[in-house]
Amino acid sequence: MSRAIEDEECVASWCADDDWCTVTCTAHLIGKKWHPVIVHRLLAHGPLGFNALKDEIESISSTVLSSSLEDLEDNGLVNRAIVSEKPFRVEYSLTEQGASLEPVIKAMDAWGEDYLKETSCS
């Protein structure tokens, strides 16, 4: 069932009062391949510089990491702070909204672990 949304001006047009709107909203924000991984690493390690974050996600390219961080920042889930000008260093951290994804990320982790256990020996 759809839950009531009080401020309809904030509802995206693609949502259009559908009962799956809230799931679609979450998928829109963290549904890209690397987004939940980035949130997971920031939850686990706290604020990280770009290279440290890239080291935590071995398979991601710099271009994809940069694009993903920009997307997460645009959606209000990640903060980008300039730590120093010379040498130029930035640090990425979760916003309050981003940190509130912790139960979602933990549930994804637990579900994935169960799924892999069930399917890996098939």
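What you see is a predicted model; the values in this text were computed from it and never measured.

### Focus on the packing of helix α2 (residues 35-45) against helix α6 (residues 102-120)
Between α2 and α6, whose axes approach to 10 Å, the crossing angle comes to 110 degrees. Viewed along their axes, α2 and α6 adopt a mutual orientation that is roughly perpendicular. For the pair α2 and α6, the crossing hand works out as left-handed. The residues of α6 that touch α2, namely those facing P36, V39, H40 and L43, are E102, I105 and M108. Residue composition of the contact of α2 with α6, by class: five nonpolar, one polar and one charged.

### Regarding the confidence of the model for the protein
Detailed reading of the predicted model is not advised wherever pLDDT is low. With 82% of its residues at a pLDDT of 70 or more, the protein shows a mean pLDDT of 86. The model gives residues 1-11 a pLDDT under 50, and that stretch makes five contacts with residues more than four places away or in other chains.

### Brief notes about unusual backbone geometry
Following K86, the chain continues to P87 via a peptide bond in cis, the omega torsion being -10 degrees. Assignment of secondary structure puts P87 in the loop between β2 (78-84) and β3 (89-94).

### A word on the nonpolar core
In terms of nonpolar packing, the biggest core is built from 19 residues, with I38, L42, L53, L69 and V78 touching the most fellow members. At the level of elements, α2, α4 (62-74) and β3 are the ones that each hand at least two residues to this core. If we ignore the near neighbours within four places in the chain, the residues touching L69 are I38, F50, L53, V78 and Y92.

### Observations concerning the side chain of D71
Within the fold, D71 resides in helix α4. Looking at D71, its side chain comes within polar contact range of the side chain of K32, at 3.3 Å. At 3.4 Å, the side chain of D71 and the side chain of H35 are in polar contact.

### A short note on the pattern of salt bridges
Here the structure, examined in full by the defined rule, presents three salt bridges. The residue D71 makes a salt bridge to K32 at a minimum N-O spacing of 3.3 Å. One end of the pair, D71, is in helix α4; the other, K32, is in the loop between α1 (21-30) and α2, and 39 residues separate them in sequence. The shortest N-O distance in the salt bridge between K117 and E113 comes to 3.4 Å. Here the residue K117 and the residue E113 both occupy positions in helix α6, the gap between them amounting to four residues, near one helical turn.

### Considering the side chain of S68
Mapped onto the elements, S68 comes out in helix α4. Judged by its relative accessible area of 8%, S68 falls in the buried class. Residues within four places of S68 in sequence aside, it is in contact with W34, H35 and I38.

### Let's talk about the environment of V64
If you trace the backbone, V64 turns up in helix α4. Accessibility expressed as a relative area gives 35% for V64, which makes it partly exposed. As a C-alpha pair, V64 and W34 span 30 residues in sequence and 8.3 Å in three-dimensional space.

Thresholds, definitions, all that
Starting afresh in each chain, residues are numbered from 1 along the sequence in its written order. Residues qualify for local features only when their pLDDT is at least 70, as the model is predicted, and side-chain atom pairs are given and counted only at 80 or more; totals for whole chains, interfaces and linings, by contrast, use all residues. Excluding hydrogens and water, the side-chain figures rest on all heavy atoms present in the structure. Angles shown run from 0 to 180 degrees and are taken between the N-to-C directions of axes, each axis being a line fitted to C-alpha atoms and, for helices, limited to the stretch in contact. Helix numbers and strand numbers start at the N terminus; a helix is a DSSP run of H or I with at least 4 residues, a strand a run of E with at least 2. When describing relative orientation, an angle under 35 degrees is termed roughly parallel and one over 145 degrees roughly antiparallel, while 65 to 115 degrees is termed roughly perpendicular and anything else oblique. Note: crossing handedness is left-handed where the near helix turns anticlockwise from the far helix by less than a right angle, and right-handed where it turns clockwise. Residue contacts are counted whenever heavy atoms from the two residues lie within 4.5 Å of one another. When residues are grouped by polarity, Ala, Val, Leu, Ile, Met, Phe, Trp, Tyr, Cys and Pro land in nonpolar, Asp, Glu, Lys and Arg in charged, and all others, Gly among them, in polar. A score from 0 to 100, pLDDT tells how confident the predictor is in each residue. What makes a nonpolar core is a set of buried Ala, Val, Leu, Ile, Met, Phe, Trp, Tyr and Cys residues whose side-chain atoms join them at distances within 4.5 Å. When a residue's accessible area, from a 1.4 Å probe over protein chains only, is under 20% of the maximum for its type it is buried; when over 50% it is exposed; and in between it is partly exposed. Polar contacts, as counted here, are pairs of nitrogen or oxygen atoms within 3.5 Å of one another; within protein the pair requires one atom able to donate a hydrogen and one able to accept it, and residues that are adjacent in sequence qualify only if both atoms are side-chain atoms. The salt bridge definition used is simple: a Lys or Arg side-chain nitrogen within 4 Å of an Asp or Glu carboxyl oxygen.

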